[in-house]
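Fold and geometry: a report
So you can see what is in the structure, the chains are spelled out below.
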Amino acid sequence: MKGYDFIIEDRRPVIVYDVSIEDIDERRKKAKEYDTSKKACHELGIGYNAMRNAILAKRRIFSTTLNKEVAIRYKKST
């Protein structure tokens, strides 16, 4: 349905990576997983539209609650 795409995206799980960790394997181990993108927004102190744009463009974004730059990606469905 047109206009209801944002509801589906709210329920998608996301993974948050700390960009300050240089070792990629360690970064993956310490990644935080959120079951919905809305919960990630609230806990990271990021606006929903800013977070969604960063996910789609695969950019980094600054978290105000963590005071760190993070990379957010949608979790791949298995």
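We now turn to the structure provided with this report.

Scoring rules and cut-offs
Residues numbered from 1 in each chain as written. Predicted model: local features only at pLDDT ≥ 70, side-chain atom pairs only at ≥ 80, totals over all residues. Heavy atoms only, no water. 1 Å grid on protein atoms, 1.4 Å probe; cavity = no way out; pocket = protein on both sides within 12 Å on 5 of 7 lines; lining within 4 Å. Points joined across faces, edges and corners; volume = space filled by probe spheres on them. Helix = DSSP H or I, 4+ residues; strand = E, 2+ residues; numbered from the N terminus. Nonpolar A, V, L, I, M, F, W, Y, C, P; charged D, E, K, R; others polar. Buried < 20%, exposed > 50% of the residue type's maximum accessible area, 1.4 Å probe, protein only. Arc of directions from axis to C-beta. Phe/Tyr/Trp six-rings, centres within 6.5 Å; stacked < 30°, edge-to-face > 60°. Lys NZ or Arg CZ within 6 Å of the ring centre and 35° of its normal. Pairing = 2+ DSSP bridges.

**Observations concerning the layout of surface pockets**
Volume-wise, the largest pocket comes out at about 190 Å³. Lining the largest pocket are Tyr17, Val19, Ile24, Arg27, Arg28, Lys58, Arg59, Arg60, Ala71 and Arg73. Broken down by secondary-structure element, the contributors of at least two residues to the lining of the largest pocket are α2 (24–29) and β4 (68–74). No other element matches α2, which puts 3 residues into the lining of the largest pocket. Tallied by class, the residues present in the lining of the largest pocket amount to 4 nonpolar, no polar and 6 charged.

**Quick notes on helix α3 (residues 37–44)**
Listed in full, the buried residues belonging to α3 are Ser37, Ala40, Cys41 and Leu44. The arc that holds the buried residues of α3, viewed along the axis, is 105 degrees, so those residues lie on one side. A positive phi of about 70 degrees marks Gly45, the residue just after α3.

**What about helix α4 (residues 48–57)?**
Every buried residue of α4 is accounted for by Tyr48, Met51, Ala54 and Ile55. Take α4 and look down its axis: the buried residues cluster within an arc of 130 degrees, on one side only. Seen from the buried face of α4, the exposed residues on the opposite side, beyond 90 degrees, are Asn49 and Leu56. Looking one or two residues past α4, Lys58 carries a phi angle of roughly 55 degrees, positive in sign.

**Looking at the packing of aromatic side chains**
Scanning the model with the defined rule gives 0 aromatic pairs in all. A cation over an aromatic ring shows up here: Arg12 above the ring of Tyr74, its NZ or CZ 3.8 Å from the ring centre. In this arrangement the basic side chain of Lys38 is found over the ring face of Tyr48, its NZ or CZ atom lying 4.6 Å from the centre.

**With respect to the pairing of strand β3 (residues 60–63)**
A regular strand places its side chains so that they alternate between the two faces of the sheet. The side-chain alternation of β3 yields one buried face, formed by Ile61 and Ser63, and one unburied face, formed by Arg60 and Phe62. What sits between the antiparallel neighbours β3 and β4 is a turn of 4 residues, in which Asn67 has the positive phi angle 55 degrees.

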